[in-house]
Amino acid sequence: MSRSILRTVAIPLVAVVLGLLIGAVLILSQNASPSTAYTALVVGGLGDADAVLRTLQKATPLIFGGLAVAFAFKAGMFNIGGQGQLLIGAVFAAGVGFGIDGLPMVVHLPLALLAGAVAGAIWGGLAGTLKATTGAHEVIVTIMLNFVAGNLTDWLSANPWKDNSGNNIVARTPLVEDSATIPTLGAVPVGFLLAVAAAATCWLVLERTTYGFEVRSVGHNRNAAQYSGIRVGWIMASTMAVAGMLAALGGAVESLGVDGRFEAGVNVGLGFEGITIALLARANPLGVIPAALLVGLMEAGASRMQFKAGVAPELIDVIQALILFFVAAPIIIRWLLRMRHDTSEQLQLGAGWGKS
Amino acid sequence: MGEVMKPQQRQLLYAGLAVMLVIIWLFYSANGPQTTAVLAGTVRAATLLALGAMCGMIGERSGVVNIGIEGQFLLSAFAAFTIASMTGSLFMGTLAGIGMGLMMGWMLAAMAVGLKVDQIIAGTVLNIAALGLTSFFYDRSRSLGMGKYTNIDLGPLADIPLVGTVFFSRPPLTYLTMALLFVVHIALFRSVWGMRTRAIGEHPGAADTVGIDVLRLRYLNVTLAGGLAGLGGSYLALEAVGTFSRAMSGGRGFLALAVMIFGRRTPFGAYAAALFFGFTTALQNQFQLNNTFDIPPQFVGMLPFVVTIIVVALSGLVGSMRDPAALGQNYEKG
């Protein structure tokens, strides 16, 4: 392993260890045993084929969500709209999934995924276009769009697309057709493979294409990019559309592969975890995969941890925040490891705030 | 910064105000009780937003973005509720909320100013941590035995029709917030502290050369501003709702940021924007209560957010927005 890779991996790794250590103190404060809790966590996430399947299922929307944030980062934008984009993707994929029948799977499933992706691209692209044309800050616009998406998807699943079977009173769509259901290969959900493919594609696009170069140029220095003839507005709008599409695919996979339908309130909060994942991966599309697997593992094992050790599953959120803190403040870890200072490690977003 | 408006903006503002007053008067003469209820709800919803916006503006005036207001609200509301329920005193609860807000402000400062963490990430850490911690330690069995803060009538002022009920028959923290608008306004625009604060947000390098300790003042301001968000948390748990529930801040910390931007980072501007948002929220509640119009509640619920997007986009077009020049940039002494 080359020295630079070691350096890149060291900080997230130590951050995870520190997060787990502080988590252990919290577990002790609840009069529970950290070793029992963490053992249950790992067994719950890796113990058998079912556990692995759960971990991979949990990791899938996290990969998509992490990519949605990371991709926008590359153009110097902060996409907090993952939640809304995910909901939009989930509801439209489910809509096509249950609304059409009689299609063969090779047509129906891609069509449902496409519906989610396109809806998400529009949703994300809206924020990017507003930013490019009016200077409206994407952080505010995407946050607002999250609320709009929440209301819109609630309405869709409670009114026109409501499941009217039996005496259902829950705001949810009917189950999607079999021909639109994402299959599982043993312990590996196909949705997870799609997520990995998406990560690889993002990396290729960003690192090996002209478009990716333009995206990164805009991220590094918007004015210089403009001066060198890159259409900054188009890059910002399209980057947000891609980001929206990625988050929406995560939602679509949830609807078509995990839940089998869209149900209001089920995916709440999932879209925000992409931020943690992207930061943990230092905005590297390939790094998103291990980061999502780690968090997915913790989430898959959380219920077993509660069952075996009596620790509230929300501990996972606290540990995530701690990990994020240590990743974002590498100065602490560098001091622990006696590493030399390297400014290239520091993620910088805030300077773009409010500037159009 | 003098916060001078362009003449056409001022005219637009006055025209808008006049139209609003006429509409309110029309509604009041048509249906008094309901108009009063909506406007009282407006003030209720505006208080939290105004506190969050003031927290945000002190940070941003000093050059530090605070997107952790949501988390500050939530954890402070939790602290306020827990302490109030343990001690049986709303006052102690309020102090605990403010204390927690100060602590979270200090944490944000420690990250963003001390450790030079990216400011947006630092705020995100606060938000995620607050959600996790409050859910982890949430104790369902707790409640406020003594109930929440109750309205205090301000003597004869409270007897004025409409205005009396809406502004002068409120619970204590609402009055405190209104008073704080004046305090923060004077402090920001009429005091040495305010001048220095604005200086380190505009040009920290220049402020440094005239002897202002940029990092120290940023530390202080972000911490103090956290106290305002902490008061907001106390308000939420002890005055507006009277209990604590998971994720109860419900995005209003983010909305406060939008309010701050509409209000051009001034306390009174923010309060006007907060009243506007509060109005859409109150209208939504009223719609849901009496079903006079056949609009799905979800669409009414979207209203404040759609309006925010439109206004943010429009104000971008009008070009009235100007951020403190050093906003979001961590200062490195050269």
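Residues numbered from 1 in each chain as written. Chains lettered and ligands numbered in written order. Predicted model: local features only at pLDDT ≥ 70, side-chain atom pairs only at ≥ 80, totals over all residues. Heavy atoms only, no water.

Asker: Could you clarify how one ought to interpret the overall build of chain A in this entry?
Answerer: The number of helices and strands found in chain A is 14 helices and two strands. Taking 21 Å as the expected radius of gyration for a compact globule of 356 residues, we find that chain A reaches 21 Å, a close match to that expectation. Overall, the C-alpha framework of chain A stretches about 65 × 60 × 35 Å when taken along its three principal axes. In chain A, buried positions account for 56% of the 356 residues. Of all intrachain contacts in chain A linking residues separated by at least 6 positions in sequence, the fraction that spans at least 24 positions is 76%. Accessible area for chain A stands at about 14200 Å²; split by element, carbon and sulfur atoms hold 65% of it. (Helix = DSSP H or I, 4+ residues; strand = E, 2+ residues; numbered from the N terminus. Rg over C-alpha atoms; globule rule 2.2 N^0.38 Å. Buried < 20%, exposed > 50% of the residue type's maximum accessible area, 1.4 Å probe, protein only. Contact = heavy atoms within 4.5 Å. Areas by Shrake-Rupley, 256 points an atom, 1.4 Å probe, with all protein chains shown as cover.)

Asker: Whenever I open this one, the packing of helix H4 (residues 82-99) of chain A against helix H6 (residues 138-158) of chain A confuses me. Can you help?
Answerer: Packed helix pairs are characterised by how far apart their axes lie and by the angle those axes make with each other. All names here are of chain A. Taken N-terminus to C-terminus, the directions of H4 and H6 make an angle of 20°; their axes are 8 Å apart at the nearest point. The orientation of H4 with respect to H6, classified from their angle, is roughly parallel. Helix-helix and strand crossings are classified by hand; for H4 and H6 the assignment is left-handed. For the pair H4 and H6, the contacting residues are Gly82, Gln83, Gly84, Leu87, Ile88, Val91 and Phe92 in the first and Asn146, Ala149, Gly150, Leu152, Thr153 and Leu156 in the second. (Axes fitted to C-alpha atoms, helices over the stretch in contact; angles between N-to-C directions. Parallel < 35°, antiparallel > 145°, perpendicular 65-115°, else oblique. Left-handed = near helix turned anticlockwise from the far one by under 90°.)

Asker: Would you mind showing me how to read the interface of chain B and chain A here?
Answerer: Many structure descriptions define interface size as the accessible area lost when the parts assemble. Across the contact, 46 residues belong to chain B and 48 residues belong to chain A. For the pair chain B and chain A, the number of links is two salt bridges. Of the charged contacts, one joins glutamate 314 of chain A and arginine 246 of chain B as a salt bridge, the two residues approaching to 4.0 Å between their closest N and O atoms. Our enumeration of links across chain B and chain A arrives at zero residue pairs in polar contact (both at pLDDT 80 or more). Looking at the side of chain B that touches chain A, the elements that each hand over two or more residues are helix H5 (119-137), helix H11 (252-262) and helix H13 (297-318) of chain B. Per-element accounting of the side of chain B that touches chain A gives the leading share, twelve residues, to H13 of chain B. Looking at the side of chain B that touches chain A, its residues break down into 29 nonpolar, eleven polar and six charged. (Salt bridge = Lys/Arg side-chain N within 4 Å of Asp/Glu carboxyl O. Polar contact = N/O pair within 3.5 Å; in protein donor to acceptor, adjacent residues only side chain to side chain. Nonpolar A, V, L, I, M, F, W, Y, C, P; charged D, E, K, R; others polar.)

Asker: Explain the pattern of salt bridges to me, please; I cannot follow it from the model alone.
Answerer: Pairs can form between side chains of opposite charge whenever their charged atoms are close. Residues and elements named next belong to chain A. Within the structure shown, the criterion is met by six salt bridges over all chains. A salt bridge links lysine 131 to glutamate 138; the nearest nitrogen and oxygen atoms lie 2.8 Å apart. Judged by its relative accessible area of 2%, lysine 131 is buried. When its relative accessible area of 2% is taken as the criterion, glutamate 138 is described as buried. Close ionic contact of arginine 261 with aspartate 163 constitutes a salt bridge, the shortest N to O distance being 3.3 Å. Taken together, the residues span a long stretch of sequence, with arginine 261 in the loop between helix H10 (232-259) and helix H11 (273-280) and aspartate 163 in the loop between H6 and strand S1 (184-185) at a distance of 98 residues. With respect to class, arginine 261 is no different from aspartate 163; both count as buried.

Asker: What am I meant to see in the packing of helix H5 (residues 105-134) of chain A against H10 of chain A here?
Answerer: All names here are of chain A. At a minimum axis distance of 6 Å, the contact between H5 and H10 shows a crossing angle of 145°. Of the two possible hands of crossing, H5 and H10 adopt the one that is right-handed. Considered class by class, the residues forming the contact of H5 with H10 number 17 nonpolar, eight polar and one charged.

Asker: Any chance you could explain the nonpolar core here in plain terms?
Answerer: Nonpolar side chains tend to gather and get buried jointly when the protein is soluble and globular. If you look at the biggest cluster of nonpolar residues, it comprises 196 residues, and the most contacted ones within it are Ile63, Phe78, Leu256 and Val311 of chain A. If you look at the next biggest cluster of nonpolar residues, it comprises six residues, including Ala207, Ile212, Leu217 and Tyr331 of chain B. (Core = buried A, V, L, I, M, F, W, Y, C linked by side-chain atoms within 4.5 Å.)

Asker: Looking at this structure, how should I read a nonpolar patch on the surface?
Answerer: Residue and element names in this part refer to chain B. Judged by side-chain polarity, Val19, Val22, Ile23, Trp25, Leu26 and Phe27 come together as a nonpolar surface patch covering roughly 630 Å² of accessible area. Examined against the element boundaries, leucine 26 turns out to sit in helix H1 (residues 7-30). Using a relative accessible area of 47% as the deciding quantity, one classes leucine 26 as partly exposed. (Patch = residues over 30% accessible without salt bridge, like charges linked within 9 Å, V, L, I, M, F, W, Y side chains within 5 Å.)

Asker: Looking at this structure, how should I read the environment of valine 139 of chain A?
Answerer: All names here are of chain A. Here valine 139 is to be found in helix H6. For valine 139, a relative accessible area of 1% corresponds to the buried category. Along the backbone, valine 139 and glycine 81 are 58 residues apart, and their C-alpha atoms lie at a distance of 7.8 Å.

Asker: Just to check I follow, could you spell out the side chain of serine 179 of chain A for this structure?
Answerer: All names here are of chain A. Note on placement: serine 179 falls in the loop between H6 and S1. Within the structure, serine 179 has its side chain in polar contact with the side chain of histidine 108 (distance 2.7 Å). Excluding anything up to four places from it in sequence, serine 179 contacts Leu103, Pro104, Met105, His108 and Leu109.

Asker: Looking at this model, I keep getting lost on a positive patch on the surface. Mind explaining?
Answerer: All names here are of chain A. Taken together, the side chains of Arg54, Lys58, Arg304 and Lys308 define a basic patch exposed on the protein surface. Elements with a minimum of two residues in the positive patch: helix H3 (49-74) and helix H12 (288-309). In this fold, arginine 54 is placed in helix H3. (Lys, Arg positive; Asp, Glu negative; His and termini not counted. Charge placed at Lys NZ, Arg CZ, Asp CG, Glu CD.)

Asker: Even after reading the chapter, I still don't get the packing of aromatic side chains, so can you show me in this structure?
Answerer: Two aromatic rings, taken as a pair, are described by how far apart their centres are and by the angle between their planes. Residues and elements named next belong to chain B. Applying the stated criterion to the full structure yields twelve aromatic pairs over all chains. Here the aromatic rings of phenylalanine 182 and phenylalanine 268 are separated by 5.0 Å at their centres, their planes lie at 70°, and the arrangement is edge-to-face. Taken together, the residues span a long stretch of sequence, with phenylalanine 182 in helix H7 (residues 172-190) and phenylalanine 268 in helix H12 (residues 267-290) at a distance of 86 residues. According to the relative accessible area criterion, phenylalanine 268 is partly exposed, its value standing at 32%. For the ring pair phenylalanine 276 and phenylalanine 277, a centre distance of 5.7 Å and an interplane angle of 75° mean the geometry is edge-to-face. (Phe/Tyr/Trp six-rings, centres within 6.5 Å; stacked < 30°, edge-to-face > 60°.)

Asker: Help me understand H5 of chain A in this model?
Answerer: For an α-helix, 3.6 residues make a turn, and residues three or four places apart therefore share a direction. Residues and elements named next belong to chain A. Between its terminal C-alpha atoms H5 stretches 42 Å, which fits the 44 Å expected from 30 residues at 1.5 Å a residue. The largest bend in H5 comes to about 25°, at glycine 125. Glycine 135, located one to two residues past H5, shows a positive phi value of around 80°. (Expected span 1.5 Å × (residues − 1). Bend = angle between axes of the 7 residues up to and from the residue.)

Asker: Is there a simple way to explain unusual backbone geometry in this structure?
Answerer: Trans is the prevailing form of peptide bonds, just as negative phi is the prevailing case for residues other than glycine. Within the chain, asparagine 31 of chain A stands out as a residue other than glycine whose phi angle is a positive 55°. With respect to the element layout, asparagine 31 of chain A can be found in the loop between helix H1 (3-29) and helix H2 (34-46). For arginine 265 of chain B, which is not glycine, the phi torsion reads 55° and is therefore positive. Among the structural elements, arginine 265 of chain B can be located in the loop between H11 and H12.

Asker: Looking at this structure, I do not really get the side chain of glutamine 85 of chain A. What am I missing?
Answerer: Structurally, glutamine 85 of chain A is set in helix H4. Beyond its immediate stretch of four places on either side in the chain, glutamine 85 of chain A contacts Asn79, Gly120, Trp123, Gly124, Ala243, Gly244, Ala247 and Ala248 of chain A.

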